[in-house]
Amino acid sequence: MNWIANFVRPKIRALVNKPDVPDNLWEKCPSCEQMVFHRELDANLRVCPHCNHHLRISARQRLEWLFDDGEFKVIELPETLADPLKFRDRKRYTDRLKEAQAKNEDKEAIVVAHGEIGGSSVVLAAFNFSFMGGSMGMAVGEGLLAAARLAVLQDAALIVVPASGGARMQEGILSLMQMPRSVIAVDLVKEAGLPYIVLLSDPTTGGVSASFAMLGDIAIAEPGATIGFAGKRVIEETIRETLPEGFQRSEYLLDHGMVDMVVPRQELKVTLGRVLNLLSVKSPSAEIVPLPGTEDIAVEVEAEAEVEAETSQETAENGKGEPEDGKTE
Amino acid sequence: MHNFLDFEKPIAELEGKIEELRHLSDSGDMNIAEEVTKLQGKADRLLRQTYARLTAWQKSQVARHPDRPHFRHYIEQLVDDFTPLAGDRAFAEDAAIVGGIGRFRGYSVMVIGQEKGSDTHARVKHNFGMARPEGYRKAQRLMEMADRFGLPLITLVDTAGAYPGIGAEERGQSQAIARSIEVSLGMKVPVISVIIGEGGSGGAIALASANSVIMLEHSIYSVISPEGCASILWRSGDQAKEAAEALKLTAQDLKKLGVIDEVVAEPLGGAHRGADTTITAVGDVVERLLVEMRRKDGTVLKQQRRDKFLGMGQKGLS
């Protein structure tokens, strides 16, 4: 048996299957059409070294490249009703979903993770454009709400990186309802006094741009991203005119006052870190200065704090050492 | 007399015949009068049968009927001393959205809604009810004003969608819609929305983030127009019928999905065959809701509105 499994089978397999030729080592830049070696492209955060075109990236890549040291924790997202309308066009929606899940690492168009950026606590929700065009249905709405609630819980900033064509048609009106729902998510964060930053990536259009994506305290756009409400074709058909050069691109939006800045991918992390720091660390680094005449009290308080810190440390250690139903007193 | 829709052809033919006979009966023939009554009964039955089982696509057509009562008609019949307020204070006045203060059955209220226009001149003036960012920013201004003065907000939604144009994009159509939703959700006064005709996507939800959303029996509310959906998913606009069906955009389906709160019945043959009755029925429901909500504290109203949207998506269609 061993001989068959170890020797014969691979031989047959080798005969039947074509040898693995790595055919994706070179990628063509969709903008300038130059060939770029994949490692070079990745090292450059998938920005074309020839024309500076920012290629679309996955949610996971986004998380890796934004969080400090590429470290983050992805959270499990709440389950939602699958196919609430029993939607069917030329294909069943459930089949489209399965297809999307098969070719993607994640189960839906959004990934939520927490970690640090530039030392600040951040909850980050990133879209996967490759998952049904990053379209927003119930799962995405729930994801945004979960991200917002986590941010409030952790006293962290919320950063959302949309890459989406808009609402998911296959969930009909329930997708439209994600517009107010995502706005509520944003307001939960804002009401808690925490920063909400949107990083608009290519593309951010339709119902996604007309809800949470345009409500950031700070709106940052990646160069060359398409950002807008209506699709170009719809506008052209309505007004029967050709659209101006660069229409609905990040730079165009910056010119029209719709975003705060356009930041190249390589500088995003530093920019986000700086902004977060400015919004949260509001005074010179903390140093306890006693009020005149209250020095004694201040010392007492300090001493108390020290004692408290020691006890809590002990408790934590005790907790580790005690296997008894994991409870710490 | 009426503008008939394509599926109303048999009804139109019958009514045409009745009209003809009526002309003849002026000569005083008893038999003709009898015949007219008979035909009228037949026409009414046919109308009842047709409207009792309208398809989603037929409802879309009824919802867009040119003779359907529009914003203006509701105001004329339901709101006294209506005082329109114009402009967004930043760029322009957009007549696609009309808003103002007025007295509704004794209560001072803010009313905002899209006006489609009922003749060519009005349609052009109101841009067929498709608002630009200025329209939504005016709406926000009026919402904030209503909030400040404790005036309940009533919105009447009737739009194919927000206007897709170069200027609209340049001036932030997305941001204007997003912000309208945000302002509406934050209000500490009762917000009641009525979908009186077409509830077209983002352009509609901008004015429908309300405590209670009610829909007329043959109105529609959808994430995308049937035509738009067909052209994307079926790659052809001809499949609009199928798309309308699949999108579940009728008041009845949306009620089952828990997205809207109430359906208001239309008179036989649709709102355009009995505008007064329709408008009064809408007024009655709005008044009842208003009276209920006015008793509640502002923060409760805001929380309730939030909870309502947060709770959506629990129910699917079987």
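Chains are numbered independently. Their residues run from 1 in the order of the written sequence. Throughout, the order in which chains and ligands are written sets their labels, letters from A for the former and numbers from 1 for the latter. Per-residue local features of the predicted model are confined to residues with pLDDT of at least 70, and side-chain atom pairs are confined, for both listing and counting, to 80 or more; whole-chain, interface and lining totals are unaffected and use all residues. Only hydrogens and water are removed before side-chain values are computed, so all heavy atoms of the structure are retained for them.

A. Structural detail: the overall build of chain A. Helix and strand content of chain A: twelve helices and eleven strands. Within chain A, buried positions represent 44% of all 329 residues. A separation of at least 24 residues holds for 64% of the contacts in chain A among residues at least 6 apart in sequence. Computed with the Shrake-Rupley method and a 1.4 Å probe, the accessible areas treat only the protein chains shown as cover for residues. Working note: accessible area of chain A is about 17,800 Å², and carbon and sulfur atoms make up 52% of it. Strands are runs of DSSP state E lasting at least 2 residues, helices are runs of H or I lasting at least 4, and numbering of each runs from the N terminus. The rule is simple: take the accessible area with a 1.4 Å probe, protein chains only, and divide by the maximum for that residue type; under 20% is buried, over 50% is exposed, in between is partly exposed. Any pair of residues with heavy atoms lying within 4.5 Å of one another is described as a contacting pair.

B. Highlighting the nonpolar core. Only buried residues count toward a nonpolar core. Its members are Ala, Val, Leu, Ile, Met, Phe, Trp, Tyr and Cys residues joined through side-chain atoms within 4.5 Å. Counting 123 residues, the largest nonpolar core has Phe212(A) and Tyr221(B) as its most contacted members. Among the elements that make up this core, the one with the highest residue count is helix α5 (residues 138–154) of chain A (eight residues). In this view, Phe212(A) contacts Phe127(A), Met136(A), Leu144(A), Val160(A), Pro162(A), Ser182(A), Val183(A), Val186(A), Tyr196(A) and Val198(A); residues no more than four positions away in its chain are not counted. With 25 residues, the next largest nonpolar core counts Val109(B), Ile192(B), Ile214(B) and Val264(B) among its residues.

C. Up close: helix α3 (residues 59–66) of chain A. Three or more residues of α3(A) are buried, namely Ala59(A), Arg62(A), Leu63(A) and Leu66(A). Within α3(A), the buried residues cover an arc of 95° as seen down the axis, which keeps them to one side. When we speak of the arc, we mean the arc of directions from the helix axis to the C-beta atoms.

D. Expanded view of empty space enclosed by the protein. Both cavities and pockets are sets of points on a 1 Å grid over the protein atoms alone; in a cavity a 1.4 Å probe fits but cannot get out, in a pocket the set is open with protein on both sides within 12 Å along at least five of seven lines, and lining residues sit with an atom within 4 Å of a point. Grid points are joined across faces, edges and corners, and a volume is the space filled by probe spheres set on the points. A complete count under the given rule lists three cavities of 30 Å³ or more for this structure. Each pocket or cavity is described by its volume, and for the largest cavity that value is around 100 Å³. If you go around the largest cavity, you meet 13 residues; those closest to its centre are Ile227(A), Gly228(A), Leu253(A), Glu169(B) and Gly172(B). In this count, Pro and Cys sit with the nonpolar residues alongside Ala, Val, Leu, Ile, Met, Phe, Trp and Tyr, while Asp, Glu, Lys and Arg are called charged and the others, Gly among them, polar. Considered class by class, the residues forming the lining of the largest cavity number six nonpolar, five polar and two charged.

E. Representation of the interface of chain A and chain B. Each side of the interface is counted separately: chain A has 53 residues, and chain B has 48 residues. Surface buried jointly by chain A and chain B totals about 4,200 Å² across both partners, of which 71% is contributed by carbon and sulfur atoms. By definition, the buried area sums, over both parts, the 1.4 Å-probe accessible area that each loses when the two are put together. When the buried area of chain A at its contact with chain B is split by residue, Met169(A), Ile173(A) and Phe229(A) rank highest and sum to 16% of it. For this document, the term salt bridge refers to a Lys or Arg side-chain nitrogen within 4 Å of an Asp or Glu carboxyl oxygen. At the boundary of chain A and chain B, one finds three salt bridges. The salt bridge involving Lys190(A) is made with Glu182(B); its shortest N-O contact spans 3.3 Å. Side-chain atoms alone can form a polar contact between residues adjacent in sequence; in general such a contact is a pair of N or O atoms within 3.5 Å, and within protein one must be able to donate a hydrogen while the other accepts it. If you look at where chain A meets chain B, you find 13 residue pairs in polar contact (both at pLDDT 80 or more). If you list the elements that add at least two residues to the side of chain A that touches chain B, you get α5, α6 (172–176), α7 (178–191) and α9 (232–239) of chain A. Per-element accounting of the side of chain A that touches chain B gives the leading share, ten residues, to α7(A).

F. Up close: the state of the cysteines. Residue and element names in this part refer to chain A. Note on disulfides: each one is a pair of cysteine sulfur atoms within 2.5 Å. Inspection of the entire model under this criterion finds zero disulfides over all chains. As a non-bridged cysteine, Cys48 has Cys29 as the owner of its nearest cysteine sulfur, 3.7 Å distant. Since its relative accessible area comes to 2%, Cys48 is described here as buried.

G. Broad picture of the domain arrangement of chain B. Residues and elements named next belong to chain B. Domain ranges listed in this record stem from an automatic or a database domain assignment. Domain annotation of chain B identifies domain 1 (6–53) and domain 2 (60–310). Domain 1 puts seven residues into the contact, and the matching count from domain 2 is eight residues. Summed over both partners, the interface of domain 1 with domain 2 comes to about 680 Å²; 60% of that surface belongs to carbon and sulfur atoms. Taken together, the connections running from domain 1 to domain 2 amount to one salt bridge. As a salt-bridge pair, Arg273 and Glu8 come within 2.9 Å of each other at their nearest N and O atoms.

H. Spatial organisation of the pattern of salt bridges. Scanning all chains against the criterion turns up 32 salt bridges over all chains. The partner of Arg181(A) in a salt bridge is Glu142(A), and the shortest N-O contact between them spans 2.8 Å. Of the two residues, Arg181(A) sits in helix α7 while Glu142(A) sits in helix α5, which places them 39 residues apart along the sequence. Both residues of the pair, Arg181(A) and Glu142(A), belong to the buried class. One salt-bridge network, in which partners are shared between bridges, spans Arg64(B), Lys116(B), Asp158(B), Glu198(B) and Glu227(B).

I. Highlighting the layout of surface pockets. All names here are of chain A. One number sums up the size of the second largest pocket: a volume of about 500 Å³. Together, 24 residues line the second largest pocket, and Leu77, Glu79, Lys107, Glu108 and Ala139 are the ones closest to its centre. Of all the secondary structure elements, the ones that give two or more residues to the lining of the second largest pocket are α4 (93–103) and β4 (110–117). When the residues that make up the lining of the second largest pocket are grouped by side-chain class, the tally is twelve nonpolar, two polar and ten charged.

J. Up close: the sheet that holds strand β11 (residues 261–262) of chain A. Residues and elements named next belong to chain A. Two strands qualify as a pair provided that DSSP identifies no fewer than 2 bridges between them. One open sheet holds the seven strands; their spatial order is β3-β4-β5-β6-β7-β9-β11, and the pairing between them is mixed. With partners counted over all chains shown, the strands left at the sheet margins are β3 (72–74) and β11, one partner each. Of the strand pairs in this sheet, strand β6 (residues 157–161) and strand β7 (residues 196–200) are connected by three bridges, and their pairing is parallel. Directly across from Ile159, in β7, lies its bridge partner Ile197.

K. Spotlight on the side chain of Ser164(A). All names here are of chain A. Structurally, the position occupied by Ser164 is in the loop between β6 and α6. There is a polar contact of 2.7 Å between the side chain of Ser164 and the backbone oxygen of Gly134. Aside from chain neighbours lying at most four places away, what touches Ser164 is Phe127, Phe129, Gly133, Gly134, Ser135, Met136, Pro203, Thr204, Thr205 and Val208.

L. Inspection of the confidence of the model for chain A at higher detail. Looking at chain A as a whole, its pLDDT mean stands at 87, while 81% of the residues score no less than 70. Each residue carries a pLDDT score, the predictor's own confidence in it, on a scale running from 0 to 100. Contacts for the low-pLDDT stretch residues 314–329 of chain A, under 50 throughout, to residues beyond four places or in other chains number four contacts.

M. Inspection of the packing of aromatic side chains at higher detail. A pair of aromatic rings is counted whenever rings of Phe, Tyr or Trp (Trp by its six-membered ring) have centres within 6.5 Å, and the orientation is called stacked for planes under 30 degrees apart, edge-to-face for over 60 and tilted otherwise. Taken as a whole and assessed by the stated rule, the structure comprises six aromatic pairs over all chains. Measuring from centroid to centroid gives 6.2 Å for Phe7(B) and Tyr51(B), while their planes differ by 55°, and the two rings are tilted. One end of the pair, Phe7(B), is in the segment before α1 (9–25); the other, Tyr51(B), is in helix α2 (residues 30–52), with 44 residues separating them in the sequence. You can call Tyr51(B) buried: its relative accessible area is 5%. The cationic tip of Arg56(A) hangs over the ring face of Phe129(A); the distance from NZ or CZ to the ring centre is 4.0 Å. Two conditions define a charge sitting above a ring: the NZ of Lys or the CZ of Arg must be within 6 Å of the ring centre, and it must be within 35 degrees of the ring normal.

N. Representation of the packing of α7(A) against helix α8 (residues 173–185) of chain B. Look at α7(A) against α8(B): their axes get within 10 Å of each other, and the N-to-C directions meet at 70°. Overall, the two elements α7(A) and α8(B) adopt an arrangement that is roughly perpendicular. You can see that α7(A) and α8(B) cross each other, and the crossing is right-handed. Every residue of α8(B) that contacts α7(A) at Met179(A), Pro180(A), Val183(A), Ile184(A), Val186(A), Asp187(A) and Lys190(A) is listed here: Ile177(B), Ala178(B), Ile181(B), Glu182(B) and Leu185(B). The convention used is that axes are lines fitted to C-alpha atoms, helices contributing only their stretch in contact, and that angles between N-to-C directions extend from 0 to 180 degrees. Under this scheme an angle from 65 to 115 degrees is roughly perpendicular, one under 35 degrees roughly parallel, and one over 145 degrees roughly antiparallel; angles in between are oblique. Crossings are assigned a handedness: left-handed for a near helix turned anticlockwise from the far helix by less than a right angle, right-handed for a clockwise turn.

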